[in-house]
Amino acid sequence: MQRTSDQASDTKRWGAGALVFAALAMVGGMSNAYVISLLTIVLLFTFLGQSWNLMLGIGGQLSIGHALFVGIGAYAVAILNIKYGVTPWIGLLLGAVIAGFVGAVLAWLSFRFEVRGIYFALLTIAAAEFARIMFGGWDYVGGMQGLFYQAPSGTMDLGMLRGDARFYYFVALALAAIGVAGTELISRSYWGYVWRAMRDDDEAARALGVRTFRHKVLVVSISAATAAIGGGVLGLVQGAIFPDSIMGMAISVDVLIGPVVGGLGTAFGPLVGSMAAIPLHHAMGALGDSLGLPGLNSVAYGAVLILVVWFLPDGIWPAIVRLYGAIQLPARGRISQLRKAEE
Amino acid sequence: MTALLEVKNLTKAFVGLVAVNDVSFSLQAGRITALIGPNGAGKTTCFNLVAGALRPTAGQVLFEGGLLEREPPEAVCRMGIARTFQIVRPMKDMSVLENAMVGAFSWTTNVKEARDKAYESLENVGLAGKANARTDQLTLPDRKMLEMAKALSTRPKLLLLDEVMAGLRPTEAAGVVGVLHRLAESGLTILLVEHVMRIVMEVASTVVVLHHGAKIAEGKPSEVVADPAVLESYLGAGFHA
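The numbers attached to residues start from 1 for each chain and follow its sequence in the written order. Chains carry letters from A onward and ligands carry numbers from 1 onward, assigned in written order. For a predicted model such as this one, the threshold for reporting local features is a pLDDT of at least 70, and the threshold for listing and counting side-chain atom pairs is 80 or more; totals across whole chains, interfaces and linings nevertheless cover every residue. Hydrogens and waters are ignored; side-chain quantities use all the structure's heavy atoms.

(A) Region of interest: the overall build of chain B. When you go through chain B residue by residue, the secondary structure sums to nine helices and ten strands. In this setup the radius of gyration rests on C-alpha atoms only. A globule is expected at 2.2 Å times the number of residues raised to 0.38. On C-alpha atoms alone, chain B measures out to a radius of gyration of 18 Å, which is about the 18 Å that the 2.2 N^0.38 rule sets for 241 residues. The cut-offs for exposure are 20% and 50% of the maximum accessible area for each residue type, with area from a 1.4 Å probe on protein chains only; residues under the lower value are buried, those over the upper are exposed, and the others partly exposed. Across the 241 residues that make up chain B, the buried fraction comes to 54%. Should any heavy atoms of two residues lie within 4.5 Å, those residues are counted as being in contact. Look at the contacts in chain B between residues 6 or more apart in sequence, and 66% of them connect residues 24 or more apart. Positive charge is attributed to Lys and Arg, negative charge to Asp and Glu, and no charge count is given to His or to the chain ends. Charge positions come from single atoms, namely NZ of Lys, CZ of Arg, CG of Asp or CD of Glu. Measuring between centres, the 25 positive side-chain charges of chain B sit 4 Å from its 25 negative side-chain charges. Numbering of helices and strands runs from the N terminus; a helix is a DSSP stretch of H or I covering at least four residues, while a strand is a stretch of E covering at least two.

(B) Representation of the overall build of chain A within the structure. Helix and strand content of chain A: 15 helices and two strands. Relative to a compact globule of 343 residues, whose C-alpha radius of gyration would be 20 Å, chain A shows 21 Å and is just as compact. Across its three principal directions, the C-alpha atoms of chain A cover 70 × 50 × 40 Å. Across the 343 residues of chain A, 47% fall into the buried class.

(C) Representation of helix α1 (residues 43-51) of chain B in the model. Residues and elements named next belong to chain B. Burial within α1 is extensive, with eight of its nine residues counted as buried. Taken together, the buried positions of α1 are Lys 43, Thr 45, Cys 46, Phe 47, Asn 48, Leu 49, Val 50 and Ala 51. Positive phi shows up at Gly 52, right after α1, with a value of about 85°.

(D) The arrangement of the layout of surface pockets in detail. All names here are of chain A. The distinction between a cavity and a pocket rests on a 1 Å grid over the protein atoms alone: a 1.4 Å probe fits inside a cavity but cannot get out, while a pocket stays open yet meets protein on both sides within 12 Å along at least five of seven lines, and a residue with an atom within 4 Å of a point counts as lining. Grid points are joined across faces, edges and corners, and a volume is the space filled by probe spheres set on the points. Counted as a void, the second largest pocket has a volume near 410 Å³. In terms of lining, the second largest pocket is formed by 21 residues, of which the most central are Phe 47, Leu 175, Ile 178, Gly 179 and Ile 229. Those elements that provide at least two residues to the lining of the second largest pocket are α2 (33-58), α4 (88-112), α6 (165-187) and α9 (212-238). Sorting elements by how many residues they give to the lining of the second largest pocket places α6 first, with eight residues. Of the residues in the lining of the second largest pocket, the class split is 15 nonpolar, six polar and no charged. The residue classification treats Ala, Val, Leu, Ile, Met, Phe, Trp, Tyr, Cys and Pro as nonpolar and Asp, Glu, Lys and Arg as charged. All others, Gly included, are polar.

(E) Structural view of the pairing of strand β3 (residues 32-36) of chain B. Residues and elements named next belong to chain B. Within β3, five of the five residues are buried, which leaves it mostly tucked inside the rest of the structure. In β3, alternate side chains face the same way, and those of Ile 32, Ala 34 and Ile 36 on one face and Thr 33 and Leu 35 on the other are all buried. Only when DSSP finds a minimum of two bridges between them are two strands counted as paired. Here β3 pairs with strand β8 (residues 189-193) via four bridges, running parallel. If you follow Leu 35 over to β8, its bridge partner there is Val 193. Examined bridge by bridge, β3 and strand β9 (residues 206-211) share four bridges and lie parallel to one another. Bridge pairing in β9 places Ile 36 opposite Val 209.

(F) Quick peek at the pairing of β9(B). Residues and elements named next belong to chain B. Most of β9 is tucked away: five of the six residues are buried. Inspection of the sheet shows β9 paired to strand β10 (residues 214-219) by five bridges, in the antiparallel sense. The residue of β10 that forms the bridge with Leu 210 is Lys 215.

(G) Just the confidence of the model for chain B, in detail. pLDDT measures how confident the predictor is about each residue, on a scale from 0 to 100. Summary statistics for chain B give a mean pLDDT of 88 and a share of 98% for residues scoring 70 or more. Mean pLDDT across the elements of chain B bottoms out in helix α9 (residues 228-235) of chain B (79) and peaks in helix α3 (residues 96-102) of chain B (96).

(H) Geometry of the nonpolar core. In this structure, Leu122(B), Met148(B), Leu159(B), Leu180(B) and Ile190(B) are the most contacted members of the largest nonpolar core, which totals 76 residues. Ranked by residues supplied to this core, first place goes to helix α6 (residues 170-185) of chain B with seven residues. The next biggest cluster of nonpolar side chains, apart from the first, holds 68 residues, and it includes Ala99(A), Phe167(A), Val255(A) and Tyr301(A). To qualify as a nonpolar core, a set must consist of buried Ala, Val, Leu, Ile, Met, Phe, Trp, Tyr and Cys residues joined through side-chain atoms within 4.5 Å.

(I) Quick peek at the side chain of Thr11(B). Residues and elements named next belong to chain B. Looking at the secondary structure, you find Thr 11 in strand β1 (residues 3-14). Note on Thr 11: relative accessible area 15%, which makes it buried. For Thr 11, the side chain forms a polar contact with the main-chain nitrogen of Asp 22, separated by 3.0 Å. Not counting residues within four places of it along the chain, the set of residues in contact with Thr 11 comprises Val 18, Val 20, Asn 21, Asp 22, Pro 56, Thr 57 and Ala 58. Pairs of N or O atoms within 3.5 Å make up the polar contacts considered here, provided that, within protein, one atom can donate a hydrogen while the other can accept it, and that residues adjacent in sequence are counted only when both atoms are side-chain atoms.

(J) Representation of the interface of chain A and chain B in the model. Taken together, the contacts link 26 residues of chain A with 32 residues of chain B. What counts as buried area is the accessible surface, traced by a 1.4 Å probe, that two parts surrender upon association, with contributions from both included. At the boundary of chain A with chain B, total buried surface from both sides reaches about 2,700 Å², with 55% on carbon and sulfur atoms. By definition here, a salt bridge exists when the distance from a side-chain nitrogen of Lys or Arg to a carboxyl oxygen of Asp or Glu is within 4 Å. On inspection of chain A and its partner chain B, the count reaches four salt bridges. Across the pair Arg89(B) and Glu203(A) runs a salt bridge, and its minimum N-O distance is 3.0 Å.

(K) Molecular detail of empty space enclosed by the protein. Enumeration according to the criterion identifies three cavities of 30 Å³ or more in this entry. The computed volume of the largest cavity comes to approximately 90 Å³. In terms of lining residues, the largest cavity is bounded by Leu49(B), Val50(B), Gly52(B), Leu54(B), Arg55(B), Pro56(B), Val61(B), Leu68(B), Glu69(B), Arg70(B), Glu71(B) and Val76(B). Lining the second largest cavity are Ala204(A), Ala207(A), Leu208(A), Arg83(B), Thr84(B), Phe85(B), Glu147(B) and Lys150(B). When contributions to the lining of the second largest cavity are tallied by element, the ones reaching two or more residues are α8 (202-207) of chain A together with α5 (140-152) of chain B. Within the lining of the second largest cavity, the residues separate by chemical class into four nonpolar, one polar and three charged.

(L) The arrangement of the sheet that holds β8(B) in detail. Residues and elements named next belong to chain B. Strand order in the open sheet formed by six strands is β6-β7-β8-β3-β9-β10, with mixed pairing between adjacent strands. The open sheet terminates on both sides in strands that have one partner only, identified here as β6 (81-83) and β10. Within the sheet, the average angular offset between the axes of one strand and its neighbour, ignoring direction, is 20°. Axes here mean lines fitted to C-alpha atoms, for a helix over just the part in contact, with angles spanning 0 to 180 degrees between N-to-C directions. Its contacts with the sheet place α9 against β3, β9 and β10, and it is angled at close to 125° to β10.

As structure tokens, then:
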């Protein structure tokens, strides 16, 4: 009986997800260019947020240097495409492999020598900053001047991943959908269970036979690889990449703001959080510019983070779920369900 | 009768303290053995040495005839030795069922198989009705049972229970005793570290008594409680029954 109720809520979740993405697809068909480009960024950061969420929200490992992996992906696509005319599909694949490898090495070295928790997070910042400075001084990849894609001709070319703003909107939408569905699937897979166990209590998980060392390396590696895919597409959307923008601290923060605001460890959290935070960031940026108050957007980010951590420490999405549950069950239903739980 | 686990001359020294001193005993398959002793006797240290959470200074632990040496806890578990913690440690953001599933992933990667095993483990300890509850909705006795269910899901040959009765009321403890008897009847070997003497008398077929890190007695519960050395360690010198 409990199993059937599981299945019912599964169907509900997948149905709700499908509806949300269908609605987003319709938005892509009608809205103006500004909304399209803003939502493209929102959806890309939903995907990137999922990658980060996988690592902390499910695997329990904190990264504040995800810009490293985003940058690796962006550069892999850009170098191959701009210098050698290779399709971005190959670049995305190669970037994912390289980032996955870099993530695995970083995690292996770190956890091997018992560098954990916040110290591991510091190491990820250091690695990202190291890479940013290295790419900035590397002439082959354009140094600080960066790399520029040719302006798109306007005709859609799926094989070369080139097209107009609307094309990239749908690419970003597809990625976000894959991110949400993937998180849902992974968190209910073998990996998801053991990762959540080691997130909640490493020592207890080991006592139950979970090889936490290899699983930590694995989750960091997969998170890194997926971040690189998001980074590769982000570079294409922006049309140019510079070490300071694609590998800077700001990217690492942008990546984590969605899941933290929306709900850590949840499938929908990064989408909800990105939807809330990124448009606000842009609106405040524009407002700040017109008022002659540069930096207003960063203040807004900070304010949102503080408010969410203070009032909704689990994030926005879990709060919505709780509210919905409270409305759905009439008072008597709630009590009888409590009783059922007691028995 | 075969020994599933043999502890030979086990010693663990911490700085300034020998917590376990040259202790030897063996566990017979399908039996319940209790490790008892007054506070600070070295019971939990001994337990952690067997579970692989601590490394011995000297001595050996043999499991199914093979030497356990420098095995990390996850490897010890995968060999068939499962443990519980004295202070309950549920995975707090996972449901009761999900908690019980984790151990099953030590021998399968199939989620359905793990779920079936988890239901079976919960059934064994009488928690199946609360499978979908959150762990913070459980009472203390239920949490203790969840610890056991988690361990059972790993399909252990040997179950190590660290003070599983501590903090339970007599009626609750009686329930646990019933569970332990059932598990032993199904062929599971159990080692329990226990404080509550009455419980030990009821469940254990063999009792090992530690005092100041050394073994001072071993035998049937009725023999051990009549042993003058044991009485002295618990009640002080000069006490005679």
